Structure formats: structure tokens, C-alpha cells
Amino acid sequence: MTKAPSQPMIQIPMRRLACVEVLAWLLSGAVVLAVVSSMGHSSGAWMGAGATLLGLAGGLLVIGMTPEREAFRWAVIQIGASTVRMIVTLAVGMGIHTSLAPDKTGFWGVLLLTSLAVLAAEVLIFLPVLRGANSGASAGAAVTEASA
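Judged by nonpolar contacts, the single largest core of 21 residues is most densely connected at Leu17, Ile63, Trp74 and Val110. Secondary structure elements with two or more residues in this core: helix H1 (14–38), helix H2 (45–64), helix H3 (74–100) and helix H4 (104–134). The leading source of residues in this core is H4, at seven residues. When neighbours within four sequence positions are excluded, Ile63 is seen to be in contact with Met14, Leu17, Trp74, Ala81 and Phe126. Ranked by size, the runner-up nonpolar core spans six residues in total, among them Met47, Ala51, Ile96 and Leu111.

The next thing to look at is H1. Relative to the 36 Å expected for 25 residues at 1.5 Å per residue, H1 spans 36 Å between its end C-alpha atoms, a close match to the ideal helical length. Among all positions in H1, only Leu17, Val20, Glu21, Ala24, Trp25, Ser28, Gly29, Val32 and Val36 are buried. Just past H1, the residue Gly40 takes up positive phi, approximately 90 degrees.

The final tally for this structure, using the stated rule, is one salt bridge. One salt bridge connects Arg85 with Glu122, and the closest N-O pair in it is separated by 3.2 Å. Of this pair, Arg85 sits in helix H3 while Glu122 sits in helix H4, placing them 37 residues apart in sequence. Of the residues examined, Arg85 reaches a relative accessible area of 2% and is grouped as buried. Judged by relative accessible area, Glu122 falls into the buried class, the value being 1%.

Reading guide: rules and limits
- Residues numbered from 1 in each chain as written.
- Predicted model: local features only at pLDDT ≥ 70, side-chain atom pairs only at ≥ 80, totals over all residues.
- Heavy atoms only, no water.
- Core = buried A, V, L, I, M, F, W, Y, C linked by side-chain atoms within 4.5 Å.
- Buried < 20%, exposed > 50% of the residue type's maximum accessible area, 1.4 Å probe, protein only.
- Helix = DSSP H or I, 4+ residues; strand = E, 2+ residues; numbered from the N terminus.
- Contact = heavy atoms within 4.5 Å.
- Expected span 1.5 Å × (residues − 1).
- Salt bridge = Lys/Arg side-chain N within 4 Å of Asp/Glu carboxyl O.

Everything listed here is a matter of coordinates, which is why it stays silent on function.
So this is what it looks like as C-alpha cells:
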């Protein structure tokens, strides 16, 4: 009997993931802060961006602590990291909202829109890796595609 070939082990390009997510957070935060400020709701808007940044750090921590895995298992890890990111963001957001009572529109608008931008950046990095796993591509192809 021949043994079935195992899935290639893949290490997610952590530095690239962190850079793309932080860049998405910075750009979306700057745009949303400018829009919210022009609407007169700037009070507390920076706190919403800070809550998203703490959640982003929590999600990156989950991914950073994960060793190399088979390509198809990264889907579960990515969903777990996104869940941690969203829970931390919302928990910090609720804590800030209840204790400091910032302007609701400015605070929640910035928090939710920067969270959406970080989610889009996460998908941008993980989708090529997961597509490579579905098509049975080699580890080098999946990592190269995600790193490019």
C-alpha cells in the first residue's frame, strides 16, 4: 500500500499580514476620522480607532502563536483569529462606551469602519493561501501567491 501524500505545511507570512492590517487600519482610520470630524462628531472617534487597534493586536497574537500548519487548516485558524479580533474590539469598545460615554456616532462609526477595513485586509492575505489549499497547490505556490 502506498501512503497518501500529506498536505504541505505552510507558514502564513506574518510580517506581511501585520503590515497590511496596520496599513488598512491607518488608512481607514484617517479617512473615517476626517469624515466624522467634518460632521461634528469627533469626540471619542480616536477611542474607536484605539479599540480596533487593540483587537487587531489580539488577532495577530493568535496567528503569531500558531506554528506551521497544513494549508487547509489555516481556514480554522483565520476564523479563530478574526473572532478574537472582533471580540476584543467590541469588548474594549463596550468598556469605553459605558465608562467614558464618547459621542456615539464618532466612536462607533470609526470602530466599525476600521474593523471592516482590517477584516478586508485579513481576507486579502488569507484568501490566496486558502485557494491554494483547495486546488492542491504546493506550499511554495501558496506562500508565494500570498506573499506577492
